[in-house]
Every structure is written in structure tokens, then in C-alpha cells.
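What follows is each chain in one-letter form.
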Amino acid sequence: MADDELDVGAEEGKKGGKKKLIIIIVVALLVLGGGGAAAYFFLFSGDDTEEAADGEAASAEEMVQLDGPAIYLDLDQAFVVDFMVSGKQRYLQLNMTLKSRDQGQIDAVKLHMPLIRNSLVLLFSSQSFEELQTLDGKQALKEASVETINSILTQETGLGGIEDVLFTNFVMQ
């Protein structure tokens, strides 16, 4: 009879061990599956919301191949503008590079370069010399330059397409 009791306990221990092993495996699979699902949603769904937000915010004229590589066009000739400040002659010399992701708009800039350069010279000469000495003034000039170029491109081609203007040389004296 003592042997019977030991066998029953051994069988219960084996059954309990198998149940524990099954429970541990199921819990481990759930944790790994949940972690994998969380990683998937974190990595892939974040891009969709950013693209949707960008798509909603962008106007029709700004939706020009936003996924392509950046293309840069260096405007070879420097812009030179003079100012009268307190009875003294002052100068601004700057070189700029345009950034776009649409080769067609870069070609359009090349085609309409005389009109674009004229508009930019008028824009630069209408600025305040003192204001251009500050970082905010330079940033405002960059934004105004982008707007000026895109408005000309919109008139001529129906699309903007210039993302940014980069000042590669900015000298004031």
C-alpha cells in the first residue's frame, strides 16, 4: 500500500510538471507574439501617420515627388546688392543653392533664370541691412526667397517645387 501511494504522487508530479511546462510555453508565446506585434505597429504604423499628416498639410503645388532624392542647383553668379546705411554705402554679397526633389522643376528654374534672378535681386534690395545682420532676418530672407521662386514657377509651370534655398556664401560689409 505504501508503494501505491508513492506511484500516485509520482504520476501527479509528472502531470503537474507537464501542465506547468505547457503553461510556461503558452505564456512565453503570448509575450513574444505581443512584443512582436507591438514592435511591428511601432515601426510601421508611425510612418503612415507621418505621411498622412504630411499629405494633408501639403498643398497641391507642393506635392512634387517628396520621396525622391534631393537635387541641388547652384546659382553660379553671386548676388550683390548695395544699401545706404547712415549715409554710408554697404554691400551684401550672397551665393545660393536651390534644393528640390523634381528634376523637371530644376530644369524650369534654369529656363526661367533671368526672371528668377530679377525677382531675387528686387527682394534682396528691399531688405533692411540691420535686419539681415540677425539670424531671424536671414531665415526670413530664405523663406521669402523660396516663396518668390515658387511663385514664379507656379506662374510659368503650374507647380512650385523648390523646397529650400541654401545660402552658400553670405557677406555683409
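The rules behind each value
Residues numbered from 1 in each chain as written. Predicted model: local features only at pLDDT ≥ 70, side-chain atom pairs only at ≥ 80, totals over all residues. Heavy atoms only, no water. Salt bridge = Lys/Arg side-chain N within 4 Å of Asp/Glu carboxyl O. Helix = DSSP H or I, 4+ residues; strand = E, 2+ residues; numbered from the N terminus. Buried < 20%, exposed > 50% of the residue type's maximum accessible area, 1.4 Å probe, protein only. Contact = heavy atoms within 4.5 Å. Core = buried A, V, L, I, M, F, W, Y, C linked by side-chain atoms within 4.5 Å. Patch = residues over 30% accessible without salt bridge, like charges linked within 9 Å, V, L, I, M, F, W, Y side chains within 5 Å. Areas by Shrake-Rupley, 256 points an atom, 1.4 Å probe, with all protein chains shown as cover. Phe/Tyr/Trp six-rings, centres within 6.5 Å; stacked < 30°, edge-to-face > 60°. Lys NZ or Arg CZ within 6 Å of the ring centre and 35° of its normal. Pairing = 2+ DSSP bridges. Axes fitted to C-alpha atoms, helices over the stretch in contact; angles between N-to-C directions.

K.L.:
Tell me about the pattern of salt bridges, residues and numbers included.
P.N.:
Proximity of charged atoms lets side chains of opposite charge pair with each other. Summed over the entire model, instances satisfying the criterion amount to three salt bridges. Residues Arg-101 and Glu-163 are paired through a salt bridge, measuring 2.9 Å at the closest nitrogen-oxygen approach. One end of the pair, Arg-101, is in the loop between β2 (88-100) and α2 (103-111); the other, Glu-163, is in strand β3 (residues 162-172), with 62 residues separating them in the sequence. With a shortest N-O distance of 3.9 Å, Asp-164 and Lys-142 are connected by a salt bridge. Taken together, the positions of Asp-164 in strand β3 and Lys-142 in helix α5 (residues 135-157) put the pair 22 residues apart, joining distant regions of the chain. When its relative accessible area of 25% is taken as the criterion, Asp-164 is described as partly exposed. Three or more residues are tied together by salt bridges with common partners; here these are Lys-99, Arg-101 and Glu-163.

K.L.:
Give me the lowdown on the side chain of Gln-105, citing residues and values where you can.
P.N.:
On the secondary structure map, Gln-105 appears in helix α2. The residues contacting Gln-105, other than those within four sequence positions of it, are Ser-100, Leu-153, Thr-157, Leu-159, Gly-160 and Gly-161.

K.L.:
Quick one: what's the story with the nonpolar core, residue by residue and with numbers?
P.N.:
One finds Leu-75, Met-96, Leu-98, Val-109, Leu-120, Phe-124 and Ile-149 to be the most contacted residues of the largest nonpolar core, which totals 27 residues. Secondary structure elements with two or more residues in this core: β1 (71-85), β2, α2, α3 (113-125), α4 (129-132), α5 and β3. The greatest single-element share of this core, amounting to six residues, is contributed by β1. Dropping the residues within four chain positions of it, Phe-124 is found in contact with Phe-79, Val-81, Phe-83, Leu-94, Met-96, Leu-141 and Ser-145.

K.L.:
Can you lay out a nonpolar patch on the surface for me, pointing to particular residues and giving the numbers?
P.N.:
Nonpolar side chains collect at one region of the surface, where Leu-21, Ile-25 and Leu-29 lie side by side and expose about 300 Å² of accessible area between them. For Ile-25, the location among the structural elements is in helix α1 (residues 2-57).

K.L.:
Describe the packing of aromatic side chains, and please don't skip the residues or the numbers.
P.N.:
For the coordinates displayed, the defined rule picks out three aromatic pairs. Between Phe-79 and Phe-124, the ring centres sit 5.3 Å apart and the planes meet at 90°, which makes this aromatic pair edge-to-face. In this pair, Phe-79 sits in strand β1 while Phe-124 sits in helix α3, placing the two residues 45 residues apart along the sequence. Note on accessibility: Phe-79 and Phe-124 belong to one class, buried. For the ring pair Phe-167 and Phe-170, a centre distance of 5.4 Å and an interplane angle of 45° mean the geometry is tilted. Residue Phe-170 is classed as partly exposed on the basis of its relative accessible area of 22%. Across from the ring centre of Phe-79, 4.1 Å away, lies the NZ or CZ of Arg-117, which sits over that ring.

K.L.:
Describe in detail the sheet that holds β1, supporting the description with residues and values.
P.N.:
Sheet strands associate in pairs through backbone hydrogen bonding, adopting either a parallel or an antiparallel arrangement. What the three strands build is an open sheet, ordered β1-β2-β3; its pairing is antiparallel. The sheet terminates laterally at β1 and β3, the two strands that pair on one side only. Sheet twist, expressed as the mean angle between neighbouring strand axes with direction ignored, is 25°. With 12 bridges joining them, β1 and β2 adopt antiparallel strand pairing. What sits directly across from Asp-82, in β2, is Tyr-91. Sheet strands in contact with α2 are β1, β2 and β3, and its direction is about 45° off that of β1. Relative to β3, α5 is tilted by about 130°, and along the sheet it contacts β2 and β3.

Purely spatial values, then, with no claim about function.
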